[in-house]
2 protein chains.
Amino acid sequence: MTKGVDLSAIYGPVREGMSQVEGIFGELRGLARQDILPLLDQTLHYGGKRLRPALTLLSGAPFEYRPHTLHPMAAAMELFHTATLVHDDIVDASSLRRGRATINSMWGDGAAVLLGDFFFAHSARLVASTDNLRVINLFAKMLMAISGSELAQNLSTMEQRLDYDHYIDWIGAKTASLFATATESGAVLGGSGEDGIQALKAYGHHFGLAFQIVDDILDFVGQEQDLGKPVGADLVQGNPTLPTILFVAGHPQGADLRRALTDGGDAEAVKKAVALIPGTDVIAECRQIARGFTKQALKALDAVPPCPSTRALSDLATYIMSRSR
Amino acid sequence: MTKGVDLSAIYGPVREGMSQVEGIFGELRGLARQDILPLLDQTLHYGGKRLRPALTLLSGAPFEYRPHTLHPMAAAMELFHTATLVHDDIVDASSLRRGRATINSMWGDGAAVLLGDFFFAHSARLVASTDNLRVINLFAKMLMAISGSELAQNLSTMEQRLDYDHYIDWIGAKTASLFATATESGAVLGGSGEDGIQALKAYGHHFGLAFQIVDDILDFVGQEQDLGKPVGADLVQGNPTLPTILFVAGHPQGADLRRALTDGGDAEAVKKAVALIPGTDVIAECRQIARGFTKQALKALDAVPPCPSTRALSDLATYIMSRSR
């Protein structure tokens, strides 16, 4: 059921670069002390799809492909993403990710904090190594957006979390800002003009919103073995996502769930909602909203020179709507 | 009993800059969302002495004092330091720091992870804002040194932790690298020549080693109300520092403690050692070693142009030997 085959075809125009990015992870492994290796090996494949580095490379390729800066930047995007996953699993007290035990569940919160910091540090080093001040500042701005939003989300009330605009802001910061930085930095490092940079930034942002909504749909309708974690995990962890938000706002039984959530979580009512939501029309509504963002992403590509990489970006935006994991 | 008065005299040559650095923290507070403020207010004074920003400013001042880059860099050093403290408290499961409840103990590990990341992000933004590639790369290298070493320490065996060379490597990475980055970046941003940069880097490194050893001595001989945490906390948490290492290596009763620690921690034997160590001559030995590093720090200053700031750096190195908190 893996979509790996499709993706490797889409990544075709940057195949060589993608393998160089894996080489950078190999170097990181080579630099690390022996005792850290089990933790690295457990996490360096968290991302699985390598979407973020692919987006960076594909966004640079329509212009001038400069491997000595594009490759480290692409690798940095993946390492930073991995850092956020390792830290998120502490925050959510998750024990499973992609079907494997999380670092916090195996080695404790302390080791997970430090491993996340370690990935964070290496991503910063790779970004700094580009010696490109615009990209360095983009990266720093992204760090602020993501960390500020994650902290605010952690401290927010359930009422706030059940609001559509709050949700869009939240996924805009926690997910779309990383995709937008991946594409914008690729364009900058490729030497694109300002129009191309802004177009690829807009593509990455809308791609990211669509990607996260599909992720949040899959949390309800996916198969446990594809997800590698229990179905409905987000809601159980107290993080209502778009399906829940639409269900609570519009479904006859939504009021019950709202009460259960705001009252501090009636576990039975939450479980019932997890079983109920996949059969309601909120899933189709969510897909509709994601499709709207995908269309905006595709439209942004009109301003990017047509070439195999630009077509790959287009295919990628279409692919994420159909993925099952 | 506070040493605040002495320090503010030493900081005299950069008093205006220090108050501008506080202003940057104020701006950060102003940018943050309402619900984050209690956490910021609880942690922005963790550092207390503001040694790291003072070192950055004093290291820039003997050359050309350029406030628009020196001030953000100085603020970044303090914010990054705060980030590491917040994360360290998770790793050590500490409930008290400077006499106040820690973030993890009050708000949980999740909020502490995210708050640390938030400080981390803001420090990176401030460093990026200097637009100085050398300083940006210094910062990135420091992140790698600190995070790699903290992770390795977390995974190390008790046998490794009881080794003197391991200890010096560890404090070199976790503490001295931050001080060395503070002073080196100050010199770089001040426009110093290479000799001055290397001298101030060496000063910061040796200053950092001496500072950490004094810290580790105070963990045994300090007063609980000065320390703001229980006496002997490091050893109880399974992190033997220099007094313990020398005690285990040379004291007649050291073998008992070694056995207790490597056997997985006989709490009674550890408690006994915490009571015993302050009365032994290992404390004087530790001071002697710290004094050696301080001398190296002072010697490095010979290559820095004499001026009030250079004298302040010299006074600061002397001060840290005498501090009681």
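Look up a bit, the structure's there.
Note that this is a predicted model, so its numbers are computed, not measured.

Caption draft 1: A look at the overall build of chain A. When its secondary structure is counted, chain A shows 17 helices and two strands. Computed over C-alpha atoms, the radius of gyration of chain A comes to 19 Å, within 12% of the 20 Å expected from 2.2 N^0.38 for 325 residues, which places it in the range of a compact globule. Seen through its principal axes, chain A has C-alpha atoms that stretch 55 × 50 × 35 Å. For chain A, buried positions account for 52% of its 325 residues. Within chain A, residue pairs in contact and separated by at least 24 positions form 76% of the contacts whose partners lie at least 6 positions apart.

Caption draft 2: Seen up close, the nonpolar core. Within the largest apolar cluster, 198 residues are counted, with the highest numbers of intra-cluster contacts made by Leu115 and Ala210 of chain A together with Leu115 and Ala210 of chain B. Leave out the neighbours within four places in its chain, and Ala210 of chain B touches Ala290, Phe293, Thr294, Ala297, Ile320 and Met321 of chain B.

Caption draft 3: How the structure looks around the interface of chain A and chain B. Tallying the contact residues gives 35 residues for chain A and 35 residues for chain B. Contributions of two or more residues to the side of chain A that touches chain B are made by helix H5 (67-91), helix H6 (103-128) and helix H7 (133-155) of chain A. Here the side of chain A that touches chain B is composed, by residue class, of 20 nonpolar, seven polar and eight charged.

Caption draft 4: View of the relation of the copies chain A and chain B. If you rotate chain A by 180 degrees and push it 0.0 Å along the axis, it lands on chain B with an RMSD of 0.0 Å. Accordingly, the operation relating the two chain copies is best matched by a two-fold axis. Every residue of chain A has its C-alpha some distance from the rotation axis, and the shortest such distance is that of Val113 of chain A, at 3.4 Å. The share of interface residues of chain A whose copies in chain B are also at the interface is 100%, consistent with both copies meeting through the same surface.

Here is what the cut-offs are and how they apply
Residues numbered from 1 in each chain as written. Chains lettered and ligands numbered in written order. Predicted model: local features only at pLDDT ≥ 70, side-chain atom pairs only at ≥ 80, totals over all residues. Helix = DSSP H or I, 4+ residues; strand = E, 2+ residues; numbered from the N terminus. Rg over C-alpha atoms; globule rule 2.2 N^0.38 Å. Buried ≥ 20, exposed ≤ 12 C-beta atoms within 10 Å, placed from the backbone. Contact = placed C-beta atoms within 7 Å. Core = buried A, V, L, I, M, F, W, Y, C linked by C-beta atoms within 7 Å. Nonpolar A, V, L, I, M, F, W, Y, C, P; charged D, E, K, R; others polar. Least-squares fit on C-alpha atoms with pLDDT ≥ 70 in both.

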